[in-house]
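Close look at the chain arrangement
For reference, the chains in residue letters:
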Amino acid sequence: MSSPDPDARAADLDCTVAVGSLSLRSAVMTASGTAGHGTEFGDFMDLSALGAMVVKSLAAQPWEGNPTPRLRPTAKGMLNSIGLQGPGVMAWSRDQLPGLMAAGVTTVVSIWGRTVEEYREAAELIAEHGHGVVAIEVNLSCPNLEGGRHLFAHDPELAAEVIRATDVAGLPRWAKLSANTDRLVDVSAAVATAGAEAVTLINTLLAMVIDTERAQPALGAGGGGLSGPAIHPVAVRAVYEVHAALPDLPIVGVGGIDSAETAVEMLMAGASAVQVGTATFRDPAAPEKIRLGLEQWCRSHDVHAVAELKGIAHV
Ligand SMILES: Cc1cc2nc3c(=O)[nH]c(=O)nc-3n(C[C@H](O)[C@H](O)[C@H](O)COP(=O)(O)O)c2cc1C
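Heads up: these notes are all about the structure in this document. (Residues numbered from 1 in each chain as written. Predicted model: local features only at pLDDT ≥ 70, side-chain atom pairs only at ≥ 80, totals over all residues. Heavy atoms only, no water.)

A few words now on the side chain of E137. Along the chain, E137 falls in strand β8 (residues 135-139). Side-chain polar atoms of E137 contact the side chain of T200, separated by 2.9 Å. (Helix = DSSP H or I, 4+ residues; strand = E, 2+ residues; numbered from the N terminus. Polar contact = N/O pair within 3.5 Å; in protein donor to acceptor, adjacent residues only side chain to side chain.)

See below:
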């Protein structure tokens, strides 16, 4: 990489990146839960040009989610407690997947569960009905009903057990982890040993807003998950530390990416690819704009392959 030169134009730019065994056409994807279950955002961008669309987390069964209100703006971010509302894997495969396939969208399905068995069940249903899906992102930021409601993502052994259980899907799995723990590196190592091809870092941070007029938490569920630019430095550090400890483990970086620069930062910290979440609430075309902006950034910095950026901030 040479110093910035806005006039420089690379003869050509290789935009493809590898995440484990998958080769993606772009480093930029949508983040689970922020761009719908199907082609809802197809009017705002060319979904097929993204690295992948990561579908909102699905359980084996339909799930209603949390009581309202579920969203609240915060300083430089957003608090949500959607609670993983979704139609379940089978209804999604019937109603949404055909549209995604017809539109040529590289589709990654996120799954969740409340027990190891529920994760296995969701993975089995994807194996049976998820024709065309290229990978599964296993959302481990869920309370374990059999273990005092501790999050799967905070316990290396339990997280690894879920990854082993979801092997039945016969697809590459990415473990989506939480930075609400000081055991992130241990959990990353455990899921990698258990078979995850990559880790997705990070999910929202535990947070709360109090409505002072009602003297009650502002969200119906009480607490929620903080996302957006406010959490970007936390996500960058998580990616940096996991990449430093486990340099061979592919990382998908997510958290507050809202521009080409914030995407580049995440790649330099050690991510192979990135996801755009909350930025999509402000501008539904954000993932496409960031994809094109990243290409422009590479051209103006004499970068010939986006993959060259991975981890270069490490000395
Ligand atoms: C409204 C909303 C819903 C979300 N739903 C999910 C979900 O279903 N599964 C999941 O793994 N992450 C979910 N997330 C977390 C995002 O995928 C992402 O990890 C997080 O928001 C940080 O990225 P961002 O700051 O770009 O939004 C959700 C986030 C938001 C804001």
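Read on, since the account is not over.
Here the focus is unusual backbone geometry. Of note, the bond from T68 into P69 is cis; its omega dihedral lies within 30 degrees of zero at -10 degrees. Summarising the element assignment, P69 is placed in the loop between β4 (53-58) and β5 (71-74). At the junction of L201 and I202, the peptide bond is cis and its omega measures out at 15 degrees in the coordinates. Mapping I202 onto the fold places it in the loop between β10 (198-201) and β11 (205-207). In the Ramachandran plot, K76 falls in the positive-phi region, its phi being about 55 degrees despite a non-glycine side chain. Position of K76 relative to the elements: it lies in the loop between β5 and β6 (77-80). Here L84, not a glycine, exhibits a phi torsion of approximately 60 degrees, which is positive. Within the fold, L84 resides in the loop between β6 and α1 (89-95). Overall, the relative accessible area of 19% leaves L84 in the buried class. (Buried < 20%, exposed > 50% of the residue type's maximum accessible area, 1.4 Å probe, protein only.)

With 8 of its 10 residues buried, helix α7 (residues 260-269) lies for the most part within the structure. Where α7 is concerned, the buried positions are A260, T262, A263, V264, M266, L267, M268 and A269. Close packing links the buried residues of α7 with α6 (232-245), β15 (251-254), β16 (273-276) and α9 (286-300). G270 lies just past α7 and shows a positive phi near 135 degrees. (Contact = heavy atoms within 4.5 Å.)

Of the residues making up helix α5 (residues 184-194), those classed as buried are L184, V187, S188, A190, V191 and A194. The buried residues of α5 occupy one face: seen down the axis, they fall within an arc of 165 degrees. Buried positions along α5 lie against α4 (156-165), β9 (173-177), β10 and α6. G195 occupies a position one or two residues after α5 and carries a positive phi of about 125 degrees. (Arc of directions from axis to C-beta.)

What follows is about the site of the ligand. Taken together, 24 residues are adjacent to the ligand, and S32, S57, G228, G256 and T278 come closest. One of the backbone nitrogen or oxygen atoms of S32 is found 2.7 Å away from an oxygen atom of the ligand. The side chain of N139 places a nitrogen or oxygen atom 3.2 Å from an oxygen atom of the ligand. For the ligand, whose accessible area on its own is 600 Å², the fraction buried by protein is 97%. For the ligand, the cavity whose grid points lie within 2 Å of the majority of its atoms is the largest pocket. Counting residues per element, the ones that place at least two in the shell around the ligand are β4 and β6. Residue composition of the shell around the ligand, by class: 8 nonpolar, 14 polar and 2 charged. (Near = heavy atom within 4 Å. Areas by Shrake-Rupley, 256 points an atom, 1.4 Å probe, with all protein chains shown as cover. 1 Å grid on protein atoms, 1.4 Å probe; cavity = no way out; pocket = protein on both sides within 12 Å on 5 of 7 lines; lining within 4 Å. Sits in = over half its atoms within 2 Å of the grid points. Nonpolar A, V, L, I, M, F, W, Y, C, P; charged D, E, K, R; others polar.)

Time to look at the pattern of salt bridges. Applying the stated criterion across every chain, the model contains 9 salt bridges. In this structure, the salt-bridge partner of R114 is E118, at a minimum N-O distance of 2.8 Å. Among the residues examined, R114 registers a relative accessible area of 26% and is labelled partly exposed. Judged by relative accessible area, E118 falls into the partly exposed class, the value being 22%. One salt bridge in this structure joins R120 and E117, with 3.1 Å as the shortest N-O distance. Of this pair, R120 and E117 both sit in helix α3 (residues 116-129), 3 residues apart, roughly one helical turn. Under the relative-accessibility criterion, R120 is labelled partly exposed at 27%. The class of E117 is partly exposed, set by a relative accessible area of 44%. Among the charged side chains, a salt-bridge network with shared partners connects E288, R291 and E295. (Salt bridge = Lys/Arg side-chain N within 4 Å of Asp/Glu carboxyl O.)

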